[in-house]
Amino acid sequence: TLTAQDNSTIEFVGSDDQTLSDAATFSNVTVAQAVAGKKIIAPNGIAVNGLATFGTGVVSADVSFGGSASATGASLTSYVDGTVTKTLGSSAFTFPIGNNGVLGEVDVPATRSGGTVSMHFNKSASADGFDVENDGYPRFWNINDMCAEDGANRFHHVSNAEYWDISSTTAVSEVNFRSIAASDVHFTDTSINQRDVDAIKFAIYDGCWKNMGGTASVSGNYYELAVTGVTIPATNRAGLK
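Please read these numbers as outputs of a predicted model, since none were measured by experiment.

**What about the state of the cysteines?**
Counted according to the given criterion, the structure contains one disulfide. The partner cysteine of Cys147 in its disulfide is Cys208, sulfur to sulfur 1.9 Å. With the S-S bond torsion at 95°, the cross-link from Cys147 to Cys208 turns out right-handed. Within this pair, whereas Cys147 is found in the loop between β15 (116-122) and β16 (163-168), its partner Cys208 is found in the loop between β18 (203-205) and β19 (209-211), the two being separated by 61 residues in sequence. Classification of Cys147 by relative accessible area gives buried; the value is 10%.

Structure (structure tokens):
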């Protein structure tokens, strides 16, 4: 069991997967694997109290960030593939989460209300059976699974490309979501035009797919899709990974 000294920095620079068999608590930690695609595996979780710097390598673990902790440098080649939990504080925080080569960063603003937010990003709802009706999950393309909201607020359908599992002990406003892939074929394509982008909003499942609003934009030759200005409600996501 590793408990790093205050203000110390632990660097992971291996050329192969590295496994922490027990729980580990870091002050500062740097992910700088010598070979891209290699993992830091921690089945019993990691806690970070200082700065987590992502360079090369994927952290395959659940990671908990303290109230004053921060993260920087997440990219398509370096992120947390697991649940990230953050105790909210007086500084903004970017959740450095991804899955299978797709980055699912989430910006949460500074808040004085406290609370704790946990997020897990999944790159494909259809590939992992999320939309299998027999498993009790909602359907994406059935109008009966859309909340009965008026006019433009009612969804025609919901994408089954990416989703976030979110648990939050408090409502948080002005949250920004970004899905970034290496290729446009993953979650969108170059047929998207400005009219389509204007129609994209953030959805949350609350017995039906509810429109949570937000402002959508695309960039990077349609490799990056963002929805900004979303309010996430206080919610407990049962079975959060």
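Past the structure itself, the notes keep going.
**Describing the pattern of salt bridges**
Throughout the structure, instances matching the rule amount to three salt bridges. One salt bridge in this structure joins Lys38 and Asp16, with 3.7 Å as the shortest N-O distance. Of this pair, Lys38 sits in the loop between β5 (28-32) and β6 (39-48) while Asp16 sits in the loop between β2 (9-12) and β3 (18-19), placing them 22 residues apart in sequence. In this structure Lys38 comes out as partly exposed when scored by relative accessible area, which is 25%. When the shortest N-O distance is used, the salt bridge between Glu105 and Arg178 registers 2.6 Å.

**Quick notes on the packing of aromatic side chains**
Per the counting criterion, the structure on display carries eight aromatic pairs. Look at Phe93 and Phe95: their rings are 5.1 Å apart centre to centre, the planes differ by 85°, and that puts the pair in the edge-to-face class. Considering the side-chain rings of Trp164 and Phe177, the 5.0 Å spacing of their centres and the 65° angle between planes classify their relative orientation as edge-to-face. Residue Trp164 is found in strand β16, and its partner Phe177 is found in strand β17 (residues 172-180); the two are separated by 13 residues along the sequence. By relative accessible area, which is 2% here, Phe177 ends up buried. Grouped by ring-pair contacts, the aromatic residues Phe121, Trp164, Phe177 and Phe202 constitute a single cluster. When the ring centre of Phe93 is taken as origin, the NZ or CZ atom of Lys86, which lies over that ring, is 5.2 Å away.

**Regarding the pairing of strand β21 (residues 224-232)**
Each regular strand shows side chains that alternate between the opposite faces of the sheet. Both β17 and β21 contribute to a ladder of six bridges, which runs antiparallel. Across the sheet, the residue bridging to Phe177 is Val227, located in β21. With five bridges joining them, strand β20 (residues 215-219) and β21 adopt antiparallel strand pairing. The residue bridging Ser217 from the neighbouring strand is Ala226, located in β21.

**Some remarks on the sheet that holds β5**
In spatial order, the strands read β2-β5-β7-β9; together these four strands make up an open sheet with parallel pairing. What marks the edges here is a single partner per strand, and that holds for β2 and β9 (70-72). Taken pair by pair, the neighbouring strands of this sheet meet at an average axis angle of 15°, ignoring direction. Sheet topology places strand β7 (residues 51-56) next to β9; three bridges connect them, and they run parallel. Within the sheet, the bridge partner assigned to Thr53 lies in β9 and is Thr72.

**What to know about the side chain of Asn99**
Along the polypeptide, Asn99 turns up in strand β12 (residues 98-99). Here Asn99 falls in the buried class, since its relative accessible area comes to 17%. At 3.3 Å, the side chain of Asn99 forms a polar contact with the side chain of Asp81. Here Asn99 is in contact with Tyr79, Asp81, Phe121, Asn122 and Lys123, once residues within four sequence places are set aside.

**A word on unusual backbone geometry**
A positive phi angle, near 70°, is found at Asn7, a position not held by glycine. Mapped onto the fold, Asn7 is located in the loop between β1 (2-3) and β2. What makes Asn7 exposed here is its relative accessible area of 69%. Positive phi is not limited to glycine here, since Asn100 has a value of about 50°. Within the secondary structure, Asn100 is located in the loop between β12 and β13 (102-103).

Parameters and conventions
Residues numbered from 1 in each chain as written. Predicted model: local features only at pLDDT ≥ 70, side-chain atom pairs only at ≥ 80, totals over all residues. Heavy atoms only, no water. Disulfide = S-S within 2.5 Å. Helix = DSSP H or I, 4+ residues; strand = E, 2+ residues; numbered from the N terminus. Buried < 20%, exposed > 50% of the residue type's maximum accessible area, 1.4 Å probe, protein only. Salt bridge = Lys/Arg side-chain N within 4 Å of Asp/Glu carboxyl O. Phe/Tyr/Trp six-rings, centres within 6.5 Å; stacked < 30°, edge-to-face > 60°. Lys NZ or Arg CZ within 6 Å of the ring centre and 35° of its normal. Pairing = 2+ DSSP bridges. Axes fitted to C-alpha atoms, helices over the stretch in contact; angles between N-to-C directions. Polar contact = N/O pair within 3.5 Å; in protein donor to acceptor, adjacent residues only side chain to side chain. Contact = heavy atoms within 4.5 Å.

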